[in-house]
Amino acid sequence: MKSPVAPFEGGPPALGPYSLGVVAEGRFVFVSGMTPYDPALGKIDRGTIARQTALVIENISRVLQAGGSSLANVVSCRVYLSDLNPDTFREMNQVYETYFGESKPARATIGAGLLGFDVEIECVATV
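No experiment lies behind these values; they were computed from the predicted model shown.

## Some thoughts on the packing of aromatic side chains
1) Next: Applying the stated rule across the entire model yields two aromatic pairs.
2) Next: With centroids separated by 6.4 Å and ring planes inclined at 55°, the aromatic side chains of F28 and F30 adopt a geometry described as tilted.
3) Next: Looking at F30, the relative accessible area reads 41%, which means it is partly exposed.

Here it is in structure tokens:
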């Protein structure tokens, strides 16, 4: 059994035919790839890699909360960087670590052709 995470105030809009997150079997929340959407601006913020990473993780946190979970319960992440190189990886990683600290989920970081932003992250968390 699965149910989509209901839309919520301040959440990023789904930019296609998908759910921001799906709760499966009441045990897991699958969060779609989040973009650096800034709810205060109402649009994607293509600032630095650090700024984009922070916005992405804040959006993930909001979807997880709406689905009954939190960043502390994340078990796996996939990070996509439009230009994967040692500098962008380091900048993303420094911000990523401030959010996950000792609660280190499994992770892959992948270079990808992203459209209009430089960082996207998807994840799975327990409820």
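## Overview of the packing of helix 1 (residues 49–66) against helix 2 (residues 86–100)
1) Next: The contact between helix 1 and helix 2 brings their axes to 8 Å, and the two run at 35°. Seen from above, helix 1 lies across helix 2 with right-handed handedness. Within the contact between the two elements, helix 1 uses I49, A50, T53, A54, I57 and E58 and helix 2 uses T88, E91, M92, V95, Y96, Y99 and F100.

## Comments concerning the pattern of salt bridges
Close approach of charged atoms lets side chains of opposite charge pair.
1) Next: One pass over the full model with this rule turns up six salt bridges.
2) Next: Taking the shortest distance from any N to any O, the salt bridge between E122 and R78 comes out at 3.5 Å. Of the two residues, E122 is situated in strand 8 (residues 119–126) and R78 in strand 6 (residues 74–81); the sequence distance between them amounts to 44 residues.
3) Next: For E122, a relative accessible area of 23% corresponds to the partly exposed category.
4) Next: Within this structure, D38, D45 and R51 form a network of salt bridges that share partners.

## As for the nonpolar core
1) Next: Counting residues in hydrophobic clusters, the biggest one holds 24 residues, and the most contacted among them are V31, I60, L64, V74 and I121.
2) Next: The set of elements that each furnish at least two residues to this core consists of strand 3 (28–34), helix 1, strand 6, helix 2 and strand 8.
3) Next: At six residues, the largest contribution of residues to this core is made by helix 1.

## Structural notes on the sheet that holds strand 3
1) Next: One open sheet holds the six strands; their spatial order is 1-2-3-8-6-7, and the pairing between them is mixed. Every other strand in the sheet has two partners, leaving strand 1 (2–4) and strand 7 (106–111) as the edge strands with one partner each. Averaged over all adjacent pairs, the angle separating strand axes in this sheet is 15°, with direction ignored.
2) Next: Sheet topology note: the strand 2 (residues 21–24)/strand 3 ladder contains four bridges and is antiparallel. Bridge pairing in strand 3 links V22 to F30.
3) Next: Here helix 1 sits on the sheet and contacts strand 2, strand 3, strand 6 and strand 8; the angle it forms with strand 8, its principal contact strand, is near 30°.

## Points about the pairing of strand 8
1) Next: Summarising burial for strand 8: six of the eight residues are buried, a large majority.
2) Next: In this structure, strand 3 lies alongside strand 8, joined through five bridges in antiparallel fashion. Of the residues in strand 8, the one forming a bridge with F30 is V124.
3) Next: Sheet analysis places strand 6 next to strand 8, joined by seven bridges and oriented antiparallel. Looking at the pairing, V74 lines up with A125 of strand 8.

## Section: the environment of L20
1) Next: Structurally, L20 can be placed in the loop between strand 1 and strand 2.
2) Next: Given the relative accessible area of 11%, L20 is considered buried.
3) Next: Along the chain, L20 and F117 lie 97 residues apart, while their C-alpha atoms are 17 Å from each other.

Here is what the cut-offs are and how they apply
Residues numbered from 1 in each chain as written. Predicted model: local features only at pLDDT ≥ 70, side-chain atom pairs only at ≥ 80, totals over all residues. Heavy atoms only, no water. Phe/Tyr/Trp six-rings, centres within 6.5 Å; stacked < 30°, edge-to-face > 60°. Buried < 20%, exposed > 50% of the residue type's maximum accessible area, 1.4 Å probe, protein only. Axes fitted to C-alpha atoms, helices over the stretch in contact; angles between N-to-C directions. Helix = DSSP H or I, 4+ residues; strand = E, 2+ residues; numbered from the N terminus. Left-handed = near helix turned anticlockwise from the far one by under 90°. Contact = heavy atoms within 4.5 Å. Salt bridge = Lys/Arg side-chain N within 4 Å of Asp/Glu carboxyl O. Core = buried A, V, L, I, M, F, W, Y, C linked by side-chain atoms within 4.5 Å. Pairing = 2+ DSSP bridges.

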